Number of protein chains: 4
Amino acid sequence: MPDHAPDFELTADVRDYECDLQGVVNNAVYQNYLEHARHKYLQSLGLSFAAFHRQGHDLVLTRAEIDYKAPLQSGDRYTVKLRIEKESRLRFRFVQDIYKEDGTHVLHGRLIGTCINRDGHRGFPPEIEALLDQR
Amino acid sequence: MPDHAPDFELTADVRDYECDLQGVVNNAVYQNYLEHARHKYLQSLGLSFAAFHRQGHDLVLTRAEIDYKAPLQSGDRYTVKLRIEKESRLRFRFVQDIYKEDGTHVLHGRLIGTCINRDGHRGFPPEIEALLDQR
Amino acid sequence: MPDHAPDFELTADVRDYECDLQGVVNNAVYQNYLEHARHKYLQSLGLSFAAFHRQGHDLVLTRAEIDYKAPLQSGDRYTVKLRIEKESRLRFRFVQDIYKEDGTHVLHGRLIGTCINRDGHRGFPPEIEALLDQR
Amino acid sequence: MPDHAPDFELTADVRDYECDLQGVVNNAVYQNYLEHARHKYLQSLGLSFAAFHRQGHDLVLTRAEIDYKAPLQSGDRYTVKLRIEKESRLRFRFVQDIYKEDGTHVLHGRLIGTCINRDGHRGFPPEIEALLDQR
């Protein structure tokens, strides 16, 4: 994420139960970190993933591309940075990076998704539409 | 669970991501194993935890007592055995044990719960009531 | 935990992936919260669960007693409070409570454990011994 | 995976705790499924991810590309199919697909990795080298 300011960032500690028998954060757990950062970003805008679900709008991923660059371990503190972009009329894209406190680049991800509505059609609720149109 | 036949048992493999940096299955993961065995037990009776939720009946734990007796590790295969009992008019109790293939007793648990209904009152759906009345 | 000041407390946000199909934090996840608070407590004293493991001292739970009093949901913020006590010569006990921001008592737990050393005998490293002797 | 027979397949049930508040298996959990299938594949060849770690050879992912095509839900049964390929001299690639019992294509993934050895250099242990050379 070299050339743009992130839209949001979130810092947290590695939790020991997130580490596997290799003593590093398990690959799947980074998707937890990325999801939590996306949902906190929405929350920072007054939007709620859970409320969208209750209203019949399910934001879902359709593709994840993740480059694992360096591991996180017990005791590490990390920052997730993210930027939201419009992938297409019906798709959003989150560009997300994780860094250690010392600046080590841990992970680069591109998380692409859409919104599936209770009536079956795709299309974003107005708040997400407005957010993407600003990009 | 020495003196009663179990009502249900389920055998599975430890998954490596369930092991933590000590190289053993993390304490929290055993609650996953115990929950999965309870839900598969219900399913074996034609009952579904998820369907109860959709119908407005949430089966929830109110207390867990778990004795950790021996660890499970990568490569281990385990069996969860369970028995359901009536704790009180509004409470069920699952007595659950986990064993390794070589007979090692891994865990003993007593998981006590109730049912919270969408209208706020407690009380079991008829299928669970019938199940507990047989005990 | 009404009559003693806690030894440590830690506040965090519910993460949406921690919620299950009932829309509440899954029972197993609270053990993650409790473990993370215990390990951060050790860290606040300059002690590390992971370092103890590397040095051949595995702190392990032998028993968990958890009362689930009220659920946490998406959007909730919670505080884990803990107190460490000496259960016996070879056992520690963590008394842990979780509260919501509005004061709702979410969970009460008693987590009892010991230390298994690489040479097979039980017994705490001096730092933990000293900690327990102050209780 | 239309045009090749898989090298391995593994069938399992969705566990309810793997479902999130949308009522579907959480995105991160599929990485657990994929990892477990890879490790069981190694085990079917007499190889162990945990043993490699103890011997100083850490098999790690460097990139994951995952297309989420259809969700899994409570009660679903799924099969993970995989094929191993040589990505480059120092990289392996697992092509993995998940299907529901009714044939629905749930997920397609390309998981690329390498081996980091305790002495710091990259390079596979002979058993993995031999496996990749057959491809």
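As the structure is a computational prediction, the values presented were derived from the model and not from experiment.

(A) Representation of the overall build of chain A within the structure. Looking only at helices and strands, chain A features three helices and five strands. Counting from the amino terminus, helix and strand elements in chain A follow one another as β-α-α-β-β-β-β-α. For chain A, the C-alpha radius of gyration of 16 Å lies close to 14 Å, the compact-globule estimate for 135 residues. By its C-alpha atoms, chain A is 45 × 30 × 25 Å across when sized along the principal axes. Considering chain A as a whole, with its 135 residues, one finds that 39% of them fall into the buried category.

(B) The arrangement of the pairing of strand β4 (residues 91–100) of chain A in detail. Residue and element names in this part refer to chain A. Where strand β3 (residues 77–88) and β4 come together, 10 bridges link them in antiparallel fashion. The residue of β4 that forms the bridge with Lys86 is Phe92. Between the end of β3 and the start of β4, which pair antiparallel, lie two residues. Of the pairings in the sheet, the one linking β4 to strand β5 (residues 105–117) comprises eight bridges and is antiparallel in character. Bridge pairing links Asp97 to His108 in β5. Here β4 hands over to β5 after four residues, with Gly103 in that stretch at a positive phi of 95 degrees.

(C) Broad picture of the sheet that holds strand β4 (residues 91–100) of chain B. Taken in spatial order, the 10 strands make up an open sheet running β1(B)-β3(B)-β4(B)-β5(B)-β2(B)-β2(C)-β5(C)-β4(C)-β3(C)-β1(C), and their pairing is antiparallel. Looking along the sheet, the strands with just one partner apiece sit at the ends: β1 (8–13) of chain B together with β1 (8–13) of chain C. Neighbour to neighbour, the strand axes of the sheet diverge by 25 degrees on average, direction disregarded. Here strand β2 (residues 57–68) of chain B runs beside strand β2 (residues 57–68) of chain C; their pairing, made up of five bridges, is antiparallel.

(D) Representation of the relation of the copies chain B and chain A within the structure. For the pair chain B and chain A, the superposition axis carries a translation of 0.0 Å, the fit reaches an RMSD of 0.0 Å, and the rotation angle comes to 180 degrees. Here the symmetry operator amounts to a two-fold rotation axis. Interface overlap between copies is the fraction of interface residues in one copy that are interface residues in the other; for chain B against chain A it reaches 100%, indicating a shared surface.

(E) Up close: the interface of chain A and chain D. Counting residues at the interface gives 18 residues for chain A and 18 residues for chain D. Of all elements in the fold, only α1 (27–44), α2 (49–54) and β2 (57–68) of chain A reach the threshold of two or more residues within the side of chain A that touches chain D. Considering every element that reaches the side of chain A that touches chain D, the biggest residue donor is β2(A), with nine residues.

(F) Highlighting the sheet that holds β5(A). The strand order across the open sheet built from 10 strands is β1(A)-β3(A)-β4(A)-β5(A)-β2(A)-β2(D)-β5(D)-β4(D)-β3(D)-β1(D), with neighbouring strands paired in antiparallel fashion. The sheet is open, and its two edges are formed by β1 (8–13) of chain A together with β1 (8–13) of chain D, each paired on a single side. Adjacent strand axes in the sheet meet at a mean angle of 25 degrees, parallel and antiparallel pairs treated alike. The pairing of β2(A) with β5(A) spans 11 bridges and is antiparallel. Note that in β5(A) the partner of A:Ile66 across the bridge is A:Gly109.

(G) Just the relation of the copies chain A and chain D, in detail. Rotating chain A by 180 degrees and moving it 0.0 Å along the rotation axis overlays it on chain D with an RMSD of 0.0 Å. The share of interface residues of chain A whose copies in chain D are also at the interface is 100%, consistent with both copies meeting through the same surface.

(H) Up close: helix α1 (residues 27–44) of chain D. Residues and elements named next belong to chain D. Taking 1.5 Å per residue, 18 residues should reach 26 Å; α1 reaches 27 Å between its end C-alpha atoms and fits that length. Of all 18 residues that make up α1, 14 are buried, and the element is covered over most of its length. Gly46 occupies a position one or two residues after α1 and carries a positive phi of about 85 degrees.

(I) The interface of chain B and chain A, seen in detail. Contacts between chain B and chain A engage nine residues on the former and nine residues on the latter. Residue classes in the side of chain B that touches chain A are distributed as four nonpolar, three polar and two charged.

(J) Geometry of the environment of A:Arg122. Residue and element names in this part refer to chain A. Following the sequence through the fold, Arg122 ends up in the loop between β5 and α3 (126–133). Put simply, Arg122 and Asp58 are 64 residues apart on the chain and 9.6 Å apart in space, counted from C-alpha to C-alpha. For Arg122, the contacting residues outside a window of four places in its chain are Leu90, Thr114, Cys115 and Ile116.

(K) Structural detail: the packing of helix α1 (residues 27–44) of chain B against helix α1 (residues 27–44) of chain C. Close contact between α1(B) and α1(C) brings their axes to 8 Å; oriented N to C, the two are set at 175 degrees. Relative to α1(C), α1(B) is oriented roughly antiparallel. Side by side, α1(B) and α1(C) meet where B:Asn27, B:Ala28, B:Gln31, B:Asn32 and B:Glu35 of the first sit next to C:Asn27, C:Ala28, C:Gln31, C:Asn32 and C:Glu35 of the second. Taken together, the residues of the contact of α1(B) with α1(C) sort by class into two nonpolar, six polar and two charged.

(L) Summary view of the confidence of the model for chain A. Scored by pLDDT, chain A has a mean of 95; 98% of the residues are at 70 or more. Interface confidence for the predicted complex, expressed as ipTM, amounts to 0.95; the pTM equals 0.96.

(M) Region of the structure containing the environment of A:Leu61. Note on placement: A:Leu61 falls in strand β2. Considering only alpha carbons, one finds A:Leu61 and A:Leu111, 50 residues apart in sequence, at a separation of 6.8 Å.

What counts, and at which threshold
Residues numbered from 1 in each chain as written. Chains lettered and ligands numbered in written order. Predicted model: local features only at pLDDT ≥ 70, side-chain atom pairs only at ≥ 80, totals over all residues. Helix = DSSP H or I, 4+ residues; strand = E, 2+ residues; numbered from the N terminus. Rg over C-alpha atoms; globule rule 2.2 N^0.38 Å. Buried ≥ 20, exposed ≤ 12 C-beta atoms within 10 Å, placed from the backbone. Pairing = 2+ DSSP bridges. Axes fitted to C-alpha atoms, helices over the stretch in contact; angles between N-to-C directions. Least-squares fit on C-alpha atoms with pLDDT ≥ 70 in both. Contact = placed C-beta atoms within 7 Å. Expected span 1.5 Å × (residues − 1). Nonpolar A, V, L, I, M, F, W, Y, C, P; charged D, E, K, R; others polar. Parallel < 35°, antiparallel > 145°, perpendicular 65-115°, else oblique. pLDDT = per-residue confidence, 0-100.

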